[in-house]
Amino acid sequence: MSGSNELSRRDFIKVTTGIVGGLIGVALGLPSVSYLIDPALREGGKDAWISIGKFEDMQIDRPYPFSFTRVQVNGWERTSSSFGGYAVRKSDDPKDLLILNSRCTHLACNVNWSDESDAFLCPCHDAKFSKDGKVLDGPPPRPLDVYDEFRLSEDGQIEIFFKAG
Amino acid sequence: MWKKVYEWLDERLGLNDMYTNLLDRPEPKGNWWNTLGSASLFLFVLQGLTGIFLTVYYTPSPDHAYDSVQYIMEGVAFGWLIRGIHHWGATLMVIVVFIHLLRVFITASFKFPRELTWLIGIGLFLATLGMGFTGYLLPWNQKAYWATTVGTQIAGSVPFIGEFILKALRGGPDLSALTLQRFFSAHIWIIPAVLAGLIGVHLFLIIKHGESHFPTKED
């Protein structure tokens, strides 16, 4: 056999084992990766208009707290997530509202309005935001997020447009 | 470049020696029945890998076990494939290990100096059956529930200590969340650890003694 160009029996076995093994590896490996990352490729929940309170209940220049929960199916379970924020009314015009998301822009804790310090305070890392949501103190990289799509419903409720994800 | 890296590693790890002793070792003349040990090892690795992947979504709790299995089958990409391989691989492994055991018995390969290899092999066979028994409960469907009720009841029929065995298996007098949890623990930690350890010794002994040749008329 030596000296000839033909594949020896041993080499044939080696190459065949390598190819078959490689095929099995790919056939199982690719689906496995897809299986692992599948939840990361899913869409979140649905967008919706959510009512946060009566416009007439909101006092001018005094942050009005609101909260709501969204239920989503995650795998084999329904998970409800809470969201919250503050509506700051500026005038009699229902368009003249600033609706802040209470999620701190630093590391996602919930900020609370404090009358005493006239600011939103974050309990986690002492962040401080003004009534307009601007950063006064602490580590946050940007002002509080704003729900900028909102409307006044016929029965006097303020509704915000909630985008999922 | 790669040759240098390989040589550096070889000097320290003995890769060439390993290759010669593990994969290129002399074998007596045999046939396909001699490959069942390797087939068992392959199935063990396959069951291990698919099993690890299943734990990513499976929940061993009576509240969620069934739903999480349904989710694996219908919700997750290729979940049906991973669980299918684990499901059928389990049956195949019991069959392959058992035929491997029969072959060793029929060719009298369990004799000196391989008695320990044989005894450890018996342990491996029992552990494989243990994997089948504990894994059967985990989907927490009707078949699983009643099969385990019956299985543990049979174990409970042992004279004198039967009731203790039954309670120890179930984690109490009834089939409950504790049963599911301890079967899960046994299925993914305890028995696999025993299997891996025994496989290590089994393989060491096979490499040490080499494979037995088929008995001849003189034997």
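Whatever comes next refers back to the structure up there.
Quick caveat: nothing in here was measured; it's all calculated off a predicted structure.

Asks: I would appreciate a short explanation of unusual backbone geometry in the present structure.
Replies: Negative phi is the rule for most residues except glycine; trans is the rule for most peptide bonds. Note the cis peptide between Phe112(B) and Pro113(B), where omega equals 5°. Among the secondary structure elements, Pro113(B) is positioned in the loop between α5 (79-106) and α6 (115-137). Of note, the phi angle at Asp61(A) is positive, near 65°, even though the residue is not glycine. Tracing the chain through its elements places Asp61(A) in the loop between β1 (48-54) and β2 (64-74). Phi angles above zero are rare outside glycine, and Trp140(B) is one such case at about 55°. Tracing the sequence through the fold places Trp140(B) in the loop between α6 and α7 (142-155). On the basis of relative accessible area, Trp140(B) is assigned to the buried category, the value being 17%.

Asks: Hey, could you run me through helix α8 (residues 162-170) of chain B in this one?
Replies: Owing to its 3.6 residues per turn, the α-helix aligns residues three or four sequence positions apart on the same side. All names here are of chain B. Buried within α8 are the following residues: Gly 162, Leu 166 and Arg 170. On an axial view of α8, the arc spanned by its buried residues comes to 55°, and they lie on one face. Next to the buried residues of α8 lie α7 and α9 (177-209). Residue Gly 171 follows α8 closely and has a positive phi angle near 70°.

Asks: Please explain the packing of helix α1 (residues 9-37) of chain A against helix α3 (residues 36-54) of chain B as it appears in this structure.
Replies: Angle between the axes and distance between the axes: these two values describe a pair of packed helices. Between α1(A) and α3(B), whose axes approach to 11 Å, the crossing angle comes to 20°. With respect to α3(B), the axis of α1(A) lies roughly parallel. In this structure, α1(A) meets α3(B) at a crossing whose hand is left-handed. Together, Leu28(A), Ser32(A), Tyr35(A) and Leu36(A) of α1(A) and Leu46(B), Phe53(B) and Leu54(B) of α3(B) make up the contact between the two elements. Of the residues in the contact of α1(A) with α3(B), the class split is six nonpolar, one polar and no charged.

Asks: Is there a simple way to think about the sheet that holds strand β8 (residues 135-137) of chain A in this case?
Replies: Strand pairing in a sheet takes place through backbone hydrogen bonds and is either antiparallel or parallel in direction. Residues and elements named next belong to chain A. Taken in spatial order, the four strands of this open sheet run β5-β6-β7-β8, and their pairing is antiparallel. Two strands close off the open sheet at either side, each with one partner strand: β5 (112-114) and β8. Two elements, β5 and strand β6 (residues 119-121), share three bridges in a ladder whose sense is antiparallel. When the bridges of β6 are listed, Ser 114 appears paired with Ala 119.

Asks: When you look at the interface of chain B and chain A in this model, what are you seeing that I'm missing?
Replies: Listed as interface residues are 21 residues of chain B and, on the opposing side, 14 residues of chain A. Of all residues in chain B, Phe53(B), Tyr57(B) and Tyr71(B) give up the largest surface area on contact with chain A, accounting jointly for 33% of the area buried on that side. At the surface where chain B touches chain A, the tally comes to one salt bridge. For the salt bridge of Arg10(A) with Asp24(B), the shortest nitrogen-to-oxygen distance reads 3.0 Å. Inspection of the chain B/chain A interface yields six residue pairs in polar contact (both at pLDDT 80 or more). Contributing elements (two or more residues each) for the side of chain B that touches chain A: α3, α4 (65-74) and α5 of chain B. By residue class, the composition of the side of chain B that touches chain A is 14 nonpolar, five polar and two charged.

What counts, and where the lines are drawn
Residues numbered from 1 in each chain as written. Chains lettered and ligands numbered in written order. Predicted model: local features only at pLDDT ≥ 70, side-chain atom pairs only at ≥ 80, totals over all residues. Heavy atoms only, no water. Helix = DSSP H or I, 4+ residues; strand = E, 2+ residues; numbered from the N terminus. Buried < 20%, exposed > 50% of the residue type's maximum accessible area, 1.4 Å probe, protein only. Arc of directions from axis to C-beta. Contact = heavy atoms within 4.5 Å. Axes fitted to C-alpha atoms, helices over the stretch in contact; angles between N-to-C directions. Parallel < 35°, antiparallel > 145°, perpendicular 65-115°, else oblique. Left-handed = near helix turned anticlockwise from the far one by under 90°. Nonpolar A, V, L, I, M, F, W, Y, C, P; charged D, E, K, R; others polar. Pairing = 2+ DSSP bridges. Buried area = accessible area lost by both parts, 1.4 Å probe. Salt bridge = Lys/Arg side-chain N within 4 Å of Asp/Glu carboxyl O. Polar contact = N/O pair within 3.5 Å; in protein donor to acceptor, adjacent residues only side chain to side chain.

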